[in-house]
Amino acid sequence: MPPVFPYVPQTITVHLGSPDESAQNVTVSFPDYIKNVVSSEIFPTWEPSALQANTLAIISFALNRVYTEFYRSRGYNFDITSSTAIDQKYIHGRNIYENISELVDQIFNDYLRRENFIEPLAAKFCNGTTVTCEGLSQWGSQEQAQAGVGALDIIRSYYGPDVEVVLNAPVQEPTESYPGTPLREGDIGVNVARIQTALNRISQNYPAIPKVAVDAVFGPSTAAAVRAFQSIFSLTPDGIVGRATWYKLVLLYDSVQRLAELQSEGVIFSGYSWEFSPTIALGETNASVTLLQYMLSVLSQFISSLPALTITGTFDEATGQAVRAFQEYVGLPATGVVDRATWEALYAQYAGIEGTVFSDSVLFPFIANPEAAAAASAPRRNGRVQPVFAAQPSGDPRARRAAAAARTPEAVRFQSSTRFVQFPVGELSVGMQDKKGVLL
């Protein structure tokens, strides 16, 4: 349910107490909030790499609260609290240390995430002396920094080797995810697809909710799944997704995915390379296999001859059968082996669906940023940690996608239209069939 590509909010609303405590809400700029928390949580005299590591953890934790709508999905009118028991320390009106202010101004829109995950890392931390936790130890980070350990290595020592730093995330005015008006049977569009995706994931934990096709069309099956969801969670079972149902979906999706936990299941399919990998074979387990299964699972919602496929990241026999079915569908030799021709045909069909059925990037990924590799290998600037992937550009999603596509070496091959966007030349009528025998 959360949007795919996080952004840094211009402002954040802080509740000056625990969630249910009667206390003031204050809305401050996001950089000012981070400066306050860093000044309240750690000492300005610490080593630069410890300051940087702790600041990135504080930024990421706050962004995770905003991204998951952690409190707003629970009916609160704020983004985070000042309670150190559950969030991080904020003292309204306190003084800010100059070196911390300068550091935050440099990196307030950088954050942590796990490789191939989308959401900001719920980078929990504790002081490491009187309180210990599974996240970063503040005093432990200082000890490492005194021993000459860099900020990124400090971060990975606590959160794992798969953590990366995203640089220069876009900044924009915060908005709620709820589309503003109820969604009901007959509606179409990306918000319907988000509902369908959330229902399918939640149904893994609550099997009474029926699975639905992710086709961005709010049909009878989606309405039935919504009613089942509403019945389970004590909402009016009218099959209409209003604000209450929307945010209950957000809450449950975040919960089952553990998006607000350090060990999150993650929202994935961001940062993958769309280019062909020659190592996709039976028995392999890697990101290319995951992306292959993802494209096949999307296509199976539109091509009846393709079997439904579970995304496991392992090229098993079921994946081979799906590949053979797709090859037969497009007229390629049904070998079950993903060669370049098969990969490009898969991408072309997938891109046709993505470009015509879904008009927003909320559900599907962009082509990977071609400047990412250069950014990752560039020298540190001003002592800053370099990201593994650069953040996606801000602005209109379709413009970003087009700009990214135009820069890729594969752009020319992927520009040809697919069966989903070609005009068939001639009138269509009931009973007509295409070359593959699919009834229109």
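Look up: the structure comes first, before these words.
Calculation criteria
Residues numbered from 1 in each chain as written. Predicted model: local features only at pLDDT ≥ 70, side-chain atom pairs only at ≥ 80, totals over all residues. Heavy atoms only, no water. Disulfide = S-S within 2.5 Å. Buried < 20%, exposed > 50% of the residue type's maximum accessible area, 1.4 Å probe, protein only. Phe/Tyr/Trp six-rings, centres within 6.5 Å; stacked < 30°, edge-to-face > 60°. Helix = DSSP H or I, 4+ residues; strand = E, 2+ residues; numbered from the N terminus. Pairing = 2+ DSSP bridges. Contact = heavy atoms within 4.5 Å. Axes fitted to C-alpha atoms, helices over the stretch in contact; angles between N-to-C directions. Expected span 1.5 Å × (residues − 1). Salt bridge = Lys/Arg side-chain N within 4 Å of Asp/Glu carboxyl O.

**Student:** Help me out: how do you make sense of the state of the cysteines in this one?
**Tutor:** Covalent bonding between the sulfur atoms of two cysteines is what defines a disulfide. Counted according to the given criterion, the structure contains one disulfide. The disulfide partner of Cys 126 is Cys 133, and the S-S distance across this bridge is 2.5 Å. Measuring the twist about the S-S bond at about -95°, one finds the Cys 126-Cys 133 disulfide to be left-handed. Relative accessible area serves as the criterion here: at 8%, Cys 126 is assigned to the buried category. A relative accessible area of 37% means that Cys 133 is categorised as partly exposed.

**Student:** It is not clear to me how the packing of aromatic side chains should be interpreted in this structure. Could you clarify?
**Tutor:** Geometry of an aromatic ring pair is reported as the spacing of the ring centres plus the angle between the planes. Throughout the structure, instances matching the rule amount to eleven aromatic pairs. Seen from their ring centres, Tyr 33 and Tyr 90 are 5.5 Å apart, and the 20° between their planes marks the pair as stacked. Pair noted here: Tyr 33 is in helix 1 (residues 30-41) and Tyr 90 is in the loop between strand 4 (80-81) and helix 3 (98-107), with a separation of 57 residues, a long-range link. When sorted by exposure, Tyr 33 lands in the same class as Tyr 90, which is buried. The interplanar angle of 75° and the centroid separation of 5.9 Å between the aromatic rings of Tyr 71 and Tyr 76 together place this pair among those described as edge-to-face.

**Student:** Even after reading the chapter, I still don't get the pairing of strand 5 (residues 111-114), so can you show me in this structure?
**Tutor:** When a strand is regular, its side chains alternate between the sheet's two faces. Side chains Tyr 111 and Arg 113 of strand 5 all project onto a buried face; the interleaved residues Leu 112 and Arg 114 project onto the opposite face, where all are buried too. The pairing of strand 5 with strand 8 (residues 163-166) spans four bridges and is classified as antiparallel. From the neighbouring strand, Leu 112 faces strand 8, where its bridge partner is Val 165.

**Student:** Would you mind going over the sheet that holds strand 2 (residues 11-15) with me for this structure?
**Tutor:** By definition, the strands of a sheet pair up through backbone hydrogen bonds, in either a parallel or an antiparallel sense. Strand order in this open sheet of three strands is 3-2-4, and the pairing throughout is mixed. Edge positions in the open sheet fall to strand 3 (25-29) and strand 4, since each of these has one partner strand only. Pairing of strand 2 with strand 4, which is carried by two bridges, proceeds in the parallel orientation. Following the sheet pairing, Val 14 is matched in strand 4 by Ile 80. The strands that helix 1 touches are strand 2, strand 3 and strand 4; relative to strand 3, the one it contacts most, it runs at about 105°.

**Student:** Help me understand helix 10 (residues 317-330), please; the structure alone is not making it clear to me.
**Tutor:** Residue pairs spaced three or four apart in an α-helix point in one direction, given the helix's 3.6 residues per turn. Taking 1.5 Å per residue, 14 residues should reach 20 Å; helix 10 reaches 20 Å between its end C-alpha atoms and fits that length. Positive backbone phi, at 85°, marks Gly 331, one or two positions downstream of helix 10.

**Student:** Help me out: how do you make sense of the pairing of strand 2 in this one?
**Tutor:** Taking burial as the measure, the five residues of strand 2 include four buried ones, the bulk of the element. With five bridges joining them, strand 2 and strand 3 adopt antiparallel strand pairing. When the bridges of strand 3 are listed, His 15 appears paired with Asn 25.

**Student:** Looking at this model, I keep getting lost on the pattern of salt bridges. Mind explaining?
**Tutor:** A side chain of one charge can pair with a side chain of the opposite charge if their charged atoms are brought near each other. Counted under the stated rule, the structure contains eight salt bridges. Among the salt bridges present, the one from Asp 79 reaches Arg 72, with a minimum N-O distance of 2.8 Å. What makes Asp 79 buried here is its relative accessible area of 12%. Here Asp 162 and Arg 114 are joined by a salt bridge, their closest N and O atoms 2.9 Å apart. Of this pair, Asp 162 sits in the loop between helix 5 (151-159) and strand 8 while Arg 114 sits in strand 5, and the two are 48 residues apart along the sequence.

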